[in-house]
Amino acid sequence: MKSPDSSSDSSNVKNTALAPSQTGLASLLSPVLPTSASTSPIQSATSPRLMPSKSRPTTALVFDQRSDTQQVRHQRYNQQQHRHPSQQDTESLSSDEFVLSPPSIAVKESNLKEINSSNQPVTHALKGLAITPSHMVHGEHSQQDGDSESGDDADGRLTDTDNEQGPEYDRTGIPILARQSQARVAGSDRGATTATTTALQSLREIDEHDREDRQSLGIETRFRTATTLTPDQDHSSEGGDSTTGSDPNPESTLDANQIQDKLKVLRPKHSNSNNRPKSHLQRTASNKSYDSDDISNNHGGYKKHSANEDHTTTAWTSHRKHFFILSSAGKPIYARYGDESRISSYMGVIQALISFFADNDDSLRCINAGQHKFVFLLKSPLYLVCVSRSGESESQLRDQLGYLYSQIISVLTHSQMTRIFEQRNNFDLRGLIGGTEIFLDSLGKLMNTYSGFMLGAIQCLTIPRELRDRVGVVLGRAKCKPLLYAILLTPTQLITLLRPRTHSMHPSDLHLIFNLLSGSTTFESSESWTPICLPKFNNKSFLHAYICYIAKRVCMLLISPDKDSFFEMSNVKQKVVRELEAGGMLASLESFAAAGTRGGFAVGDTGIPGLRHFLYKSRTNVQYTMPELSDLYTSLSSKKRLLRQYQHMNERMHRKSRPLKLFFHVGEHETMLGWITPNFELYAVFGPLVSKSAVVLMSNKLLKWIRRQEDNLLILNSPSFEKFR
Amino acid sequence: MASRKKVLLKVIILGESGVGKTSLMNQYVNKKFSNQYKATIGADFLTKEVLVDDRLVTMQIWDTAGQERFQSLGVAFYRGADCCVLVYDVNNAKSFETLESWRDEFLIQASPRGPENFPFVVIGNKIDMEESKRMISQKRAMAWCQSKGNIPYFETSAKEAINVEQAFQTIAKNALQQEVEVEIDFPDPIKIDSDTSKDFGCAC
């Protein structure tokens, strides 16, 4: 869970730090295009604030000051983009952004000392342009999606090709373990590692003796196989670097052999797996099936579709992403697939692995093994683990584990859970969260389809601002003392939210609320009153939520700290419904909510040819909007693929070690542009054959369209109750 | 609550190396026995469902390595156990004498609440060997168990499946007694006042 505050803060800092040199270089290098001065891309993309419109004359002046030499230098690119002079926008991008970006990257390079390429940005820029219609270049790699990061590899080399499902992915079977050293001196760290090594070496000797027996037992299971798979398949020659990008510290990786040994040490055995053929495991590893989303919205006697699966069934091993939640004693609490008690041996293995590192005051963060990532989130007294080959990054998976953790907290509160485990660390938590697994399941499903988790933002329902304001006024007038938040929402989108002036609502808390609504259909039929802990608001205590659908797909959620205020809330609802009906607002809300089921507006409404889809996040409002998915993305697999593409782009741009402001990606199926400024994040998807200059032109147009529509797409005027007093 | 979940019990098996911990477990779970000795490395995990007093419970059996050099799994490893099984070989006096230290080690590392009442079960294994080889008499073993707070004692043979089922039945039963309901109280309501103001950059 990202705190929107801190992320925007840090980027602010970065931008201001970079600003002077960048603007200097930019004004030197900006090509002379009719509008490029006022839309000077670097300047606007990196400046912390939107330029007010009155500053336009000044920038126009800059444009006039351009020297002729630069005109010559850049004349060959001028034909790439001709924009009408009237197309002046405060924040805009030009295709020359990509020409210009080397200077800005040069600043970064010198800062980060990551790339030791030439320090002649201009040459870079020129080289970069040689590959300009890069989809032509990349298009030839039919199996491979190429990323050209603006400026980063100006010489056209692909430095960062992450293939979703490419064959290179399992280039190594060597698992590398990223450990989080907790403020330890390097020396002692090394000491600890050596101790581990020797211990493990002695284990290995024993293991050699032992191997024959073990194979005859045939009890290898997936934990073990995941790490030994590739050597069997002879991919080891392809060399290995599967370190995660977010762990730049090479000291924190263990030798692969150590880990293999470590994993051998901890073998789960199963009573009924004795005759399991080894080849089966290889088969499942190449299985490309997508996660089956199998939530039945049947609350009473809820049974997971996958409840009969366990580690011995192909169905279980073929899931791309597993979540496991266990207590720090190693007792199972939740497994996304299968019966968690039947796979409790794995929980033992997980606990033992964590325990091994905990003994050295260390904590296990991630194991990379071929295609698989094992991501750990240690929130004592709970451990959360994700085993995934979905292609999502370590940090994205850890965020998802964080959401699962919040879901558990929302049922129990943090204080109650800690107290229980303080009393009895052998406590079987399943009894207490029993009945709410449906929400963990639906969260797992939602995180595979809903981009709000990745963006850390809330999706808003597209409705005319005037209607939203009027609805807000009605809600505001209904304020009574125990009412803390009044929220109108569809199961996936926010319509409006009224809050006390001093308490805004965190997006991750709102995600839990959305999950509550989409995870169960019981709320549709009646008025409900449920205790809920919103961890970001207060993880020690419960709030109480009144939930009632006032129209089809329009839900009213009233939150109160007082557990006895159900009837008051019910009255509030009646009052609000009466007023909404009287003003004819309820019917229009219902029709907008129905239209919003798929997105609220079509991508064609933007009037931009070639645009397939986009995500636009307002960082200041922590909200985002997107059009409905076009016919190209109707199948579950294509939807998921699109989300994975967005995730990949998002991860690449937010990577701590080298964050990017612009990202141009030419893939097999689509061309994508990512653009991050302190105010917004825009991810736009075009067809695979659209040129870079066209993408840039269209993205600028798109941004202008969004700016015009922003009032309707997002909630910009965040109403609070105090306004209506 | 949709359905009452089966209780899950964490059972840890401890004892000197070679006393037959893994064999006991294998006999109990898989009904199999192998004469060949292979050291357990680190730990093995097995799961078995059993019926105790008409209640279905899942036993999560943590078989540990007896050899000292594998005792590196860490303090947290024993945490939250519901029962601890101490195994020795009736034909090996040393394996009996070290039971005390295994027990102490467990109590220190697991630090259960109420260590004096924590359920242990002691198993004297390998009674299938000829009587002349026997080093520890039943009387002596039972006396020790008595002195440690009446620990239930079983003499078993993993090889011939003698008493194994009964021993584990007792283990499950005693472990289940550890599973007491904890008190669930609703936390205090949140007091909302403006000085606890929170601003997350406005989600709306």
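Counting starts from 1 at the beginning of each chain's written sequence and moves along it residue by residue. Here every chain gets a letter starting at A, and every ligand a number starting at 1, in the order they are written. Residue-level local features of this predicted model are given only where pLDDT is at least 70; pairs of side-chain atoms are given and counted only at 80 or more, and the full residue set underlies all totals for whole chains, interfaces and linings. The basis for every side-chain value is the complete set of non-hydrogen atoms in the structure, without hydrogens or water.

Per an unreviewed UniProt entry, chain B goes by Small GTPase superfamily and derives from Lobosporangium transversale. For the record of chain B, the UniProt heading Sequence similarities (unreviewed entry) holds the text "Belongs to the small GTPase superfamily. Rab family." UniProt positions are given in the numbering used here, feature names are shortened, and annotations may be inferred rather than shown by experiment.

As annotated in an unreviewed UniProt entry, chain A carries the name Vacuolar fusion protein MON1 and comes from Mortierella polycephala. As stated in UniProt under Function (unreviewed entry), the record for chain A gives "Required for multiple vacuole delivery pathways including the cytoplasm to vacuole transport (Cvt), autophagy, pexophagy and endocytosis." Annotation of chain A in UniProt includes, under Sequence similarities (unreviewed entry), the sentence "Belongs to the MON1/SAND family."

### Observations regarding the pattern of salt bridges
All names here are of chain A. By salt bridge we mean one thing: a side-chain nitrogen of Lys or Arg within 4 Å of a carboxyl oxygen of Asp or Glu. Counted according to the given criterion, the structure contains 22 salt bridges over all chains. With a closest N to O distance of 3.0 Å, Asp-428 and Arg-430 form a salt bridge. Per-residue accessibility, obtained with a 1.4 Å probe over protein chains only, is compared with the maximum for each type, and a residue is labelled buried under 20%, exposed over 50%, and partly exposed between these values. Residue Asp-428 is classed as buried on the basis of its relative accessible area, which comes to 8%. Classification of Arg-430 as buried rests on a relative accessible area of 1%. Here Arg-470 ties to Glu-466 by a salt bridge, and the two come within 3.6 Å at their closest N and O atoms. Residue Arg-470 and its partner Glu-466 are located together in helix H19 (residues 465-477), separated by 4 residues, close to a single helical turn. Put simply, Lys-321, Glu-392 and Arg-644 are held in one network by salt bridges that share partners. A helix here means a DSSP run of H or I that spans at least four residues, while a strand means a run of E at least two residues long, and both kinds are numbered starting from the N terminus.

### Some details on the packing of helix H14 (residues 394-412) of chain A against helix H20 (residues 507-519) of chain A
Residue and element names in this part refer to chain A. Note on definitions: angles span 0 to 180 degrees between N-to-C directions of axes, and those axes are lines fitted to C-alpha atoms, for helices only across the stretch in contact. Two elements in contact, H14 and H20, have axes whose closest approach is 10 Å; the angle formed by their N-to-C orientations is 70 degrees. Classed by the angle they form, the pair H14 and H20 counts as roughly perpendicular. On the side of H14, the interface is formed by Tyr-403, Ser-406, Gln-407 and Ser-410, while H20 contributes Ser-508, His-511, Leu-512 and Asn-515. Under this grouping Gly is polar, as are all residues other than the nonpolar Ala, Val, Leu, Ile, Met, Phe, Trp, Tyr, Cys and Pro and the charged Asp, Glu, Lys and Arg. In the contact of H14 with H20, the residues fall into 2 nonpolar, 6 polar and no charged. Oblique is the label for any angle not covered by the other classes, which are roughly parallel (under 35 degrees), roughly antiparallel (over 145) and roughly perpendicular (65 to 115). Residue contacts are defined here by distance: any two heavy atoms, one from each residue, within 4.5 Å place the two residues in contact.

### Details of the sheet that holds strand E11 (residues 494-498) of chain A
Residue and element names in this part refer to chain A. Ordered by their spatial adjacency, 5 strands build an open sheet running E11-E10-E14-E13-E12, and the pairing between neighbours is antiparallel. Each end of this open sheet is capped by a strand with a single partner; those strands are E11 and strand E12 (528-532). The mean inter-strand angle of the sheet, taken between neighbouring strand axes irrespective of direction, is 20 degrees. Alignment of strand E13 (residues 543-551) against strand E14 (residues 554-560), held across 7 bridges, turns out to be antiparallel. Along E14, the bridge assignment pairs Tyr-549 with Cys-555. Here H20 sits on the sheet in contact with strand E10 (485-489), E11, E12, E13 and E14, set at roughly 55 degrees to E10. Two strands are counted as paired when DSSP detects at least two bridges linking them.

### With respect to the packing of H14 of chain A against helix H17 (residues 437-446) of chain A
All names here are of chain A. The geometry of H14 relative to H17 is characterised by a closest axis approach of 10 Å and an angle of 155 degrees between their N-to-C directions. Regarding the angle of H14 to H17, the classification is roughly antiparallel. The two elements H14 and H17 cross, and the hand of that crossing is right-handed. In contact with Tyr-403, Leu-404, Gln-407 and Ile-408 of H14, H17 contributes Phe-439, Leu-440 and Leu-443. Its residues assigned to classes, the contact of H14 with H17 comprises 6 nonpolar, 1 polar and no charged. Note: crossing handedness is left-handed where the near helix turns anticlockwise from the far helix by less than a right angle, and right-handed where it turns clockwise.

### Quick word on the nonpolar core
Residues Leu-382, Ile-487, Ile-513, Ile-559 and Phe-614 of chain A are the most contacted members of the largest nonpolar core, which totals 102 residues. A total of 8 residues in this core trace back to one element, the largest contributor, which is H14 of chain A. Side-chain atoms within 4.5 Å link the members of a nonpolar core, which is a set of buried Ala, Val, Leu, Ile, Met, Phe, Trp, Tyr and Cys residues. Of all hydrophobic cores here, the second largest spans 51 residues; its members include Phe-45, Tyr-88, Val-122 and Cys-145 of chain B.

### Quick notes on helix H3 (residues 99-110) of chain B
Residue and element names in this part refer to chain B. Taking 1.5 Å as the rise per residue, H3 with 12 residues should run 16 Å; its terminal C-alpha atoms sit 16 Å apart, in good agreement. Buried residues of H3: Leu-99, Trp-102, Arg-103, Phe-106, Leu-107 and Ala-110, and no others. Here the buried residues of H3 occupy an arc of 130 degrees about the axis, which is enough to place them on one side. Contacts from the buried residues of H3 go to strand E1 (7-15), strand E4 (83-89), helix H2 (93-97), strand E5 (120-125) and helix H4 (138-147). Where H3 terminates, the next one or two residues include Ser-111, which has phi positive at roughly 35 degrees. The length a helix should cover is 1.5 Å for every residue beyond the first. Throughout, the arc means that of the directions going from the helix axis to the C-beta atoms.

### Section: the pairing of E4 of chain B
Residue and element names in this part refer to chain B. Burial analysis of E4 places 7 of its 7 residues in the buried class, the great majority of the element. Every second residue of E4 is oriented toward a common face, with Cys-83, Val-85, Val-87 and Asp-89 on one face and Cys-84, Leu-86 and Tyr-88 on the other, all of them buried. With 5 bridges joining them, E1 and E4 adopt parallel strand pairing. Looking across to E4, one finds that Ile-13 is bridged to Val-85. Direction of pairing for E4 relative to E5: parallel, over a ladder of 6 bridges. Following the sheet pairing, Leu-86 is matched in E5 by Val-122.

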